[in-house]
Amino acid sequence: MNSRESRDTVDEIVEAWMREHPGLDFSPLKILSRVTRLAKQLEKTRRASFATADLEPWEFDVLAALRRAGYPHELSPKALLEQTYVSSGTMTNRIDGMVRRGLVERRTHPNDGRGVLVSMTAEGRDRVDAAISHLVAAETELLAGLSKADQDRLAGLLRRLSLDMA
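Calculation criteria
- Residues numbered from 1 in each chain as written.
- Predicted model: local features only at pLDDT ≥ 70, side-chain atom pairs only at ≥ 80, totals over all residues.
- Heavy atoms only, no water.
- Helix = DSSP H or I, 4+ residues; strand = E, 2+ residues; numbered from the N terminus.
- Rg over C-alpha atoms; globule rule 2.2 N^0.38 Å.
- Buried < 20%, exposed > 50% of the residue type's maximum accessible area, 1.4 Å probe, protein only.
- Contact = heavy atoms within 4.5 Å.
- Lys, Arg positive; Asp, Glu negative; His and termini not counted.
- Charge placed at Lys NZ, Arg CZ, Asp CG, Glu CD.
- Salt bridge = Lys/Arg side-chain N within 4 Å of Asp/Glu carboxyl O.
- Pairing = 2+ DSSP bridges.
- Axes fitted to C-alpha atoms, helices over the stretch in contact; angles between N-to-C directions.
- Core = buried A, V, L, I, M, F, W, Y, C linked by side-chain atoms within 4.5 Å.
- Phe/Tyr/Trp six-rings, centres within 6.5 Å; stacked < 30°, edge-to-face > 60°.

### Remarks on the overall build of the protein
Logical step 1: On a plain count of helices and strands, the protein comes out with 7 helices and 3 strands.
Logical step 2: The N-to-C order of helical and strand elements in the protein reads α-α-α-β-α-α-β-β-α-α.
Logical step 3: For 166 residues, the compact-globule formula gives about 15 Å, and the C-alpha radius of gyration of the protein, at 21 Å, lies well above that figure.
Logical step 4: Dimensions of the protein along its principal axes, counting C-alpha atoms only, are 65 × 30 × 25 Å.
Logical step 5: Counting all 166 residues of the protein, 27% fall into the buried class.
Logical step 6: Relative to all contacts within the protein whose residues are 6 or more apart in sequence, the contacts with residues 24 or more apart total 47%.
Logical step 7: Computed over 25 positive and 25 negative side-chain charges, the inter-centroid distance for the protein is 2 Å.

Right under this line is the structure:
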């Protein structure tokens, strides 16, 4: 540990485990316990960002998928559930709630009369745009202690770990 780095709770936890169970290699905890703690902080930050736009996290997920789809900002329910990793029943309930709130609309697929497309309303677009703007600003602040080079390196390492776990 160099003089610039401070000790954190994870350091204390790992040291205590090493003392109590010296035969185990606790090096994974040094990384993954921090990832867990960071994930909890990030979840709070994200919820706060979404709340500024009066959105639940799951509403943001659906609206963000529609926004990223590009104009005309519509997808099939199947495409939405594939992007948000929920079941079809859950997606149906989410879409129903978002229709009631005026965030999305359902329309018949123009190329398949049996199919449905979910379209983002202007209200939904305004809210997701406000939420993502707030989120990017908040996450930029969370990462302010790392240089751009460190952020790029960390992103690469996390990508590699994520791909290895998939």
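### Here's the deal with the pattern of salt bridges
Logical step 1: If you walk through the whole model with that rule in mind, you get 15 salt bridges.
Logical step 2: Across the salt bridge formed by Asp54 and Arg127, the nearest N and O atoms sit 3.3 Å from each other. With Asp54 in the loop between α2 (27-51) and α3 (57-68) and Arg127 in helix α6 (residues 122-142), this pair connects stretches of sequence that are 73 residues apart.
Logical step 3: Judged by its relative accessible area of 17%, Arg127 is buried.
Logical step 4: A salt bridge links Arg101 to Glu59; the shortest N-O distance between them is 3.3 Å. Separated by 42 residues along the polypeptide, Arg101 in the loop between α5 (88-100) and β2 (104-109) and Glu59 in helix α3 bring together distant segments of the chain.
Logical step 5: Overlapping salt bridges, with partners in common, bring together Asp54, Glu59, Arg101, Glu123 and Arg127 in one network.

### Focus on the environment of Ala53
Logical step 1: By the secondary structure assignment, Ala53 is in the loop between α2 and α3.
Logical step 2: Relative accessible area serves as the criterion here: at 7%, Ala53 is assigned to the buried category.
Logical step 3: Taking the C-alpha atoms as reference points, Ala53 and Val118, 65 residues apart in sequence, are found 20 Å from one another.
Logical step 4: When neighbours within four sequence positions are excluded, Ala53 is seen to be in contact with Arg127, Ala130 and Ala131.

### A look at the pairing of β2
Logical step 1: In this sheet, strand β3 (residues 112-120) lies alongside β2 in antiparallel orientation, the contact comprising 6 bridges. Bridge pairing links His109 to Asp112 in β3.
Logical step 2: Taking the residues that link successive antiparallel strands as the turn, the β2-β3 hairpin has 2 residues.

### Some details on the sheet that holds β3
Logical step 1: What the 3 strands build is an open sheet, ordered β1-β3-β2; its pairing is antiparallel. Of all the strands in the sheet, just β1 (74-75) and β2 have a single pairing partner and so form its edges.
Logical step 2: Bridge count for β1 against β3 is 2 bridges, and the pairing is antiparallel. Considered in β3, the bridge of Leu75 is made with Val118.
Logical step 3: Packed onto the sheet, α3 meets β1, β2 and β3 and runs at close to 105° relative to β3.

### Side note on the nonpolar core
Logical step 1: Formed by 23 residues in total, the largest nonpolar core has its most connected members in Leu55, Leu63, Leu66, Leu80, Met91 and Val104.
Logical step 2: Listing elements by their share of this core, those giving two or more residues are α3, α4 (77-84), α5, β3 and α6.
Logical step 3: By residue number, the principal contributor to this core is α3, which donates 6 residues.

### So, the packing of aromatic side chains
Logical step 1: Counted according to the given criterion, the structure contains 2 aromatic pairs.
Logical step 2: Seen in terms of ring centroids, Trp17 and Phe26 are 5.9 Å apart; in terms of plane orientation they differ by 20°. Their pairing is stacked.
Logical step 3: Look at Phe26 and you get buried, because its relative accessible area is 9%.
Logical step 4: Pairing Phe50 with Phe60 gives two aromatic rings, centres 4.2 Å apart and planes at 15°, and the pair type is stacked. With Phe50 in helix α2 and Phe60 in helix α3, this pair connects stretches of sequence that are 10 residues apart.
Logical step 5: Overall, Phe50 belongs to the buried group, its relative accessible area being 4%.

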